[in-house]
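Residues per chain are reported as follows:
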Amino acid sequence: MSVKSRNYFSVPYLCGAARYAREAAELESNPTPNDETALVHRAYVISAITSSAAALEAMINEVFSDAAEPEGSCIASLSSEVRAKLATLWSVPRTSSYAILDKFDVAHLLVTGQGLDRSNHRWEHASWVVRLRNDFVHYQPSWQEHGVSVQESASKAERALAKLFQSNRLAGTANPFYPDRLLGHGCAAWSVASALEFADYFWKSIGVAPPYQAYRHLFITQ
């Protein structure tokens, strides 16, 4: 007799992202870090960002893959007709290469008949999390100018991000915003919160209880 099991990673990714954010906050409480501490701190923040985005990707893939299961697993409360639509789309090979938030949009459309509202801050912030994840996963070194304020920066992205969270307390004010002042606990905690807020919005909108509901106490970021 063979035994089979299915694994879900969206919740572990969220737990990890929150833990990384807490670790970054702990290191920022030391006003005089050494080079090793600064390196570990940066690793924690980047890991929080990438894990937050990974949680979203794993989550929506779990939705589609569960639709193909007879019992429906995390979306069992949806009608069999709706689950069948999701399962059919998931069987299309190119579906798995869709952008993360686009997958949520398609799933929401199939369940409710309407796409997600892309004009609200939840979509915008989650998009930033995914974009930052992509930037760091596919990072290419580049020269950054020191002594330039965010307001003086030519980068619209930098000016937008600087308004969303507190800058890295371990980086000097003369350091470039990207990546030095960006990569702090503020960004780490914001990434977790943004991913979770977007996920909450999606689950509430389709009328299904989030699969991570019982683990919210593990998503504390400080």
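First things first, this report covers the structure right here in the doc.

Parameters and conventions
- Residues numbered from 1 in each chain as written.
- Predicted model: local features only at pLDDT ≥ 70, side-chain atom pairs only at ≥ 80, totals over all residues.
- Heavy atoms only, no water.
- Helix = DSSP H or I, 4+ residues; strand = E, 2+ residues; numbered from the N terminus.
- Contact = heavy atoms within 4.5 Å.
- Areas by Shrake-Rupley, 256 points an atom, 1.4 Å probe, with all protein chains shown as cover.
- Lys, Arg positive; Asp, Glu negative; His and termini not counted.
- Charge placed at Lys NZ, Arg CZ, Asp CG, Glu CD.
- Buried < 20%, exposed > 50% of the residue type's maximum accessible area, 1.4 Å probe, protein only.

All right, on to the overall build of the chain then. Looking only at helices and strands, one finds eight helices and zero strands in the chain. Listed by position from the N terminus, the elements making up the chain come as α-α-α-α-α-α-α-α. Judged by the C-alpha coordinates and their principal axes, the chain covers about 60 × 40 × 30 Å. Taking contacts inside the chain between residues at least 6 apart in sequence as the whole, the part at least 24 apart equals 69%. Summing over all exposed atoms, the chain offers an accessible surface of approximately 11,900 Å²; the carbon and sulfur share of this is 53%. Computing the positive centroid from 20 side-chain charges and the negative centroid from 22, the chain places the two 5 Å apart.

On the secondary structure map, Phe202 appears in helix α8 (residues 185-206). Residues Phe202 and Ser91, spaced 111 residues apart in sequence, show a C-alpha to C-alpha distance of 22 Å. Ignoring any residue separated from it by four or fewer positions in sequence, one finds Phe202 in contact with Ile60, Val63, Phe104, Ala107, His108 and Leu116.

Once that is clear, we can look at the side chain of Ser52. Topologically, Ser52 is positioned in helix α2 (residues 35-67). Here Ser52 falls in the buried class, since its relative accessible area comes to 0%.

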